[in-house]
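Breakdown of the fold
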Amino acid sequence: GGVAQRPPDRRKAPPELMITQVLDPPADRVDAVAFAARMAAQRLHELLGSYGLACTRLAIDAETEHGERDSRVWRCAEPLTVGGIADRVRWQLDGWLRRARLRSGVSLVRLWPEEVVDGRSLQLELFAGGGATAADDERAGRALLRVQSLLGPEGVFTPLPEGGRGPAQRINPVPWGDERTARSGPELPW
């Protein structure tokens, strides 16, 4: 049926894959930080490619000129592209600056893959579902990730059908971007 016999081998990335982008002078506008982050995303993507890897879990860390620091890890079901990495950095910094969690200009952005898969053996789907094109699927996925960046990791779900006695038990809401695995075990009601 063309279904993979086992999922991709996800593993920790080598520590030398960390990318640090210094902003001099520090930037207090999201668009200025996003421009610098796009260059860092390009370097990270190229570095991963040289190792034959693709990123599925990305850590983003930002520091201000006054030593404030904040970070977040983004998990994705599909490997991240340069645009995907840059979008997550922009969304994350936008959220930090809007919530005033970073009260001074951003002086440093650090990116590193927390989880990688073998980039040489990826097989993407042949068709996009329901008559939509792959570009439509990508735009919808990016929109859902943007909503998730505003609402938090538990703000957007994908319904995962599984066994159960009633309608409420038959659907497992999985946060958008997380691995879609069905629950199992003796503690479940079926």
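Residues numbered from 1 in each chain as written. Predicted model: local features only at pLDDT ≥ 70, side-chain atom pairs only at ≥ 80, totals over all residues. Heavy atoms only, no water.

Structural notes on the overall build of the protein chain
Formally: For the purposes of this entry, the term helix denotes a DSSP run of H or I that reaches at least four residues, the term strand denotes a run of E that reaches at least two, and both are numbered from the N terminus. Each residue's exposure class comes from its accessible area (1.4 Å probe, protein chains only) as a fraction of the maximum for that residue type: buried when under 20%, exposed when over 50%, partly exposed otherwise. Contacts are residue-level and defined by heavy atoms, with any inter-residue pair within 4.5 Å sufficient. For every accessible area listed, the method is Shrake-Rupley and the probe measures 1.4 Å; residues are considered covered only by the protein chains on display.
Scanning the protein chain from terminus to terminus reveals three helices and six strands. Starting at the N terminus and ending at the C terminus, the protein chain contains elements arranged as β-α-β-β-α-β-α-β-β. Out of the 190 residues in the protein chain, the part that is buried amounts to 39%. Contacts in the protein chain between residues far apart in sequence, at least 24 positions, make up 68% of those at least 6 positions apart. Element-wise, carbon and sulfur atoms account for 54% of the exposed surface of the protein chain, whose accessible area totals about 11,400 Å².

Quick word on the pairing of strand β4 (residues 106-118)
The test is simple: Any two strands with at least two DSSP bridges between them are considered paired.
Within β4, 11 of the 13 residues are buried, which leaves it mostly tucked inside the rest of the structure. Pairing geometry for strand β1 (residues 19-27) and β4, over five bridges, is antiparallel. Bridge pairing in β4 links A27 to V106.

A word on the pattern of salt bridges
Two side chains that carry opposite charge are able to pair once their charged atoms sit near each other. Quick reminder of the rule: When a carboxyl oxygen of Asp or Glu lies within 4 Å of a side-chain nitrogen of Lys or Arg, that pair is called a salt bridge.
Under the counting rule described, the total for this entry stands at seven salt bridges. Between R142 and D87 there is a salt bridge whose closest N-O contact spans 2.5 Å. Of this pair, R142 sits in helix α3 (residues 134-151) while D87 sits in helix α2 (residues 82-98), placing them 55 residues apart in sequence. Its relative accessible area of 37% is what places R142 among the partly exposed residues. Judged by relative accessible area, D87 falls into the buried class, the value being 3%.

Describing the packing of aromatic side chains
So the rule is basically this: Working definition: a ring pair exists when centres of Phe, Tyr or Trp rings (six-membered ring for Trp) sit within 6.5 Å. Plane angles under 30 degrees give stacked, over 60 give edge-to-face, the rest tilted.
Under the counting rule described, the total for this entry stands at one aromatic pair. With 6.4 Å between their ring centres and 50° between their planes, W74 and W91 make a pair best called tilted. Of the two residues, W74 is situated in strand β3 (residues 69-75) and W91 in helix α2; the sequence distance between them amounts to 17 residues. When its relative accessible area of 6% is taken as the criterion, W91 is described as buried.

Points about the sheet that holds strand β2 (residues 53-64)
Using the following cut-off: In this analysis, axes come from line fits to C-alpha atoms, helices being fitted only over the stretch in contact, and the angle between any two N-to-C directions falls in the range 0 to 180 degrees.
Spatial ordering of the open sheet is given by β1-β4-β2-β3, a layout of four strands whose pairing is antiparallel. At either end of the open sheet lies a strand with only one pairing partner, and these are β1 and β3. Averaged over all pairs of adjacent strands, the angle between their axes in this sheet comes to 20°, without regard to strand direction. Relative to β3, β2 is paired through seven bridges, and the arrangement is antiparallel. The residue bridging E63 from the neighbouring strand is R69, located in β3. Its contacts with the sheet place helix α1 (residues 30-50) against β1, β2 and β4, and it is angled at close to 165° to β1.

As for a nonpolar patch on the surface
Quick reminder of the rule: For patch detection, residues must exceed 30% relative accessible area and be free of salt bridges, and they are connected within 9 Å for like charges or within 5 Å for nonpolar side chains (Val, Leu, Ile, Met, Phe, Trp, Tyr).
A surface patch of nonpolar side chains, about 280 Å² in accessible area, is lined by V147, L150 and L151. For L151, the position within the fold is in helix α3. Among the residues examined, L151 registers a relative accessible area of 59% and is labelled exposed.

As for the packing of α1 against α2
Here is the rule we go by: Should the near helix be turned anticlockwise from the far one by less than a right angle, the crossing is termed left-handed; should it be turned clockwise, right-handed. Basically, the charged four are Asp, Glu, Lys and Arg, the nonpolar ten are Ala, Val, Leu, Ile, Met, Phe, Trp, Tyr, Cys and Pro, and anything else, Gly included, counts as polar.
Viewed as axis vectors pointing N to C, α1 and α2 meet at an angle of 145°, and their least axial separation amounts to 8 Å. Viewed along their axes, α1 and α2 form a crossing whose handedness is right-handed. Here α1 contributes V30, V33, A34, A37, R38, A41, Q42, L44 and H45 to the contact with α2, which in turn contributes V82, G83, I85, A86, V89, R90, L93, D94 and L97. Within the contact of α1 with α2, the residues separate by chemical class into 12 nonpolar, three polar and three charged.

Remember, this is a structural readout, not a statement about activity or role.
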